[in-house]
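What follows is the residue order along each chain.
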Amino acid sequence: MKVLPPGYRLSFDDIDAAAAHAFLTTAYWCEGIPLPTVQRAIAHSLCIALHADTQGQVGFARVVTDRTTFAYLCDVYVLPAHRGQGLADGMIQALLAHPDLQGLRRFMLFTRDAHALYAHHGFQPLATPDRGMEVVRPGMYLTATPPDHA
């Protein structure tokens with residue numbers, strides 16, 4: 001397991017949804033996402049947080065999974081001031097080693113610009129992209145009211 005630099009720690013339990021929301025609401029993949037949506041996503045996913053001493057949560061990643069056959073890695077970030085130290089690498093390594101994510105048939109992700117990070121952990125371009133389909137709603141949090149799941 002990758003050793004983090006001094007002053008950092010990873011946690012699967014100590015997740016700060018407000019800190020995750022503060023970053024995610026500006027991220028290209030979910031710009032404008034409401035806090036209740038982030039909270040609900042965290043509650044239904046396997047998440048990891050990166051904490052810096054005296055600075056709180058400075059990184060985060062989320063896996064949507066049935067914990068048996070399939071997983072989707074998403075919402076990965078490290079705040080800009082903390083990048084370049086291998087911290088995202090450490091988060092991904094810890095997630096991939098999690099007992100609930102062993103023996104999966106498929107583990108997917110989408111990225112605009114971090115292919116090298118994920119390739120280092122065994123992720124590859126889709127072998128059969130012609131088989132995949134998706135519904136994509138870019139900007140949906142900027143233009144629509146999210147459904148009420150209360």
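Going by the structure above, here's the rest.
Residues numbered from 1 in each chain as written. Predicted model: local features only at pLDDT ≥ 70, side-chain atom pairs only at ≥ 80, totals over all residues. Heavy atoms only, no water.

**Q** Before we go on, may I ask you to explain the pattern of salt bridges in this structure?
**A** Two side chains carrying opposite charge are able to pair once their charged atoms lie near each other. All chains considered together, the criterion is met by three salt bridges. Here R9 makes a salt bridge to D14, at a shortest N to O gap of 2.7 Å. You can call R9 partly exposed: its relative accessible area is 39%. Since its relative accessible area comes to 35%, D14 is described here as partly exposed. Salt-bridge contacts for R62 lead to D75; the nearest nitrogen and oxygen are separated by 2.9 Å. Residue R62 is found in strand 3 (residues 56-65), and its partner D75 is found in strand 4 (residues 70-78); the two are separated by 13 residues along the sequence. Residue D75 is classed as buried on the basis of its relative accessible area of 11%. (Salt bridge = Lys/Arg side-chain N within 4 Å of Asp/Glu carboxyl O. Buried < 20%, exposed > 50% of the residue type's maximum accessible area, 1.4 Å probe, protein only. Helix = DSSP H or I, 4+ residues; strand = E, 2+ residues; numbered from the N terminus.)

**Q** Sorry, what's going on with the sheet that holds strand 3 here?
**A** Within a sheet, neighbouring strands are paired by backbone hydrogen bonds and run either parallel or antiparallel to one another. Here five strands make up an open sheet; going across it, the order is 1-2-3-4-5 and the pairing mixed. Here the strands that pair on one side only, and so sit at the sheet edges, are strand 1 (8-11) and strand 5 (106-109). When strand polarity is set aside, the average angle formed by the axes of neighbouring strands in this sheet is 20°. Pairing of strand 2 (residues 46-52) with strand 3, which is carried by seven bridges, proceeds in the antiparallel orientation. Across the sheet, residue I48 finds its bridge partner in strand 3, namely A61. Sitting on the sheet, helix 1 (residues 17-24) touches strand 3 and strand 4, and the angle it makes with strand 4 is about 80°. On top of the sheet, helix 3 (residues 87-97) reaches strand 1, strand 2, strand 3, strand 4 and strand 5; it is set at about 160° to strand 4, its chief contact. (Pairing = 2+ DSSP bridges. Axes fitted to C-alpha atoms, helices over the stretch in contact; angles between N-to-C directions. Contact = heavy atoms within 4.5 Å.)

**Q** Just checking my understanding: could you explain the environment of E134 for this structure?
**A** Secondary-structure assignment places E134 in the loop between helix 4 (115-119) and helix 5 (140-143). Judged by relative accessible area, which is 59%, E134 ranks as exposed. Spatially, the C-alpha atoms of E134 and F123 are 19 Å apart, while their sequence positions differ by eleven residues.

**Q** Teacher, can you tell me more about helix 1 here?
**A** Every α-helical turn comprises 3.6 residues, leaving residues that sit three or four positions apart pointing alike. Along helix 1, the residues classified as buried are A17, A20, H21, F23 and L24. One side of helix 1 holds all its buried residues, which, seen down the axis, span an arc of 165°. The elements touched by buried residues of helix 1 are helix 2 (35-43), strand 3 and strand 4. Residue D16 occupies the N-cap position of helix 1, its side-chain oxygen lying 3.1 Å from the main-chain nitrogen of A18. (Arc of directions from axis to C-beta. Polar contact = N/O pair within 3.5 Å; in protein donor to acceptor, adjacent residues only side chain to side chain.)

**Q** Help me understand the packing of helix 1 against helix 2, please; the structure alone is not making it clear to me.
**A** Working note: a packed helix pair is described by the angle between its axes plus the distance between those axes. The interhelical angle for the contact between helix 1 and helix 2, taken along N-to-C directions, is 120°, at an axis separation of 9 Å. Of the possible angle classes, the one that applies to helix 1 and helix 2 is oblique. The way helix 1 lies across helix 2 gives a crossing that is right-handed. Of the residues in helix 2, those touching helix 1 at A17, A18, A20, H21 and L24 are L35, V38, Q39 and I42. Looking at the contact of helix 1 with helix 2 residue by residue, the classes come out as seven nonpolar, two polar and no charged. (Parallel < 35°, antiparallel > 145°, perpendicular 65-115°, else oblique. Left-handed = near helix turned anticlockwise from the far one by under 90°. Nonpolar A, V, L, I, M, F, W, Y, C, P; charged D, E, K, R; others polar.)

**Q** I keep staring at unusual backbone geometry and nothing clicks. Help me out?
**A** Peptide bonds are mostly trans, and most non-glycine residues show a negative phi. Positioned with a positive phi, T54 is a non-glycine residue whose angle comes to about 65°. Structurally, T54 is set in the loop between strand 2 and strand 3. Residues other than glycine seldom take positive phi values, yet R67 does so here, at roughly 60°. Within the fold, R67 resides in the loop between strand 3 and strand 4.

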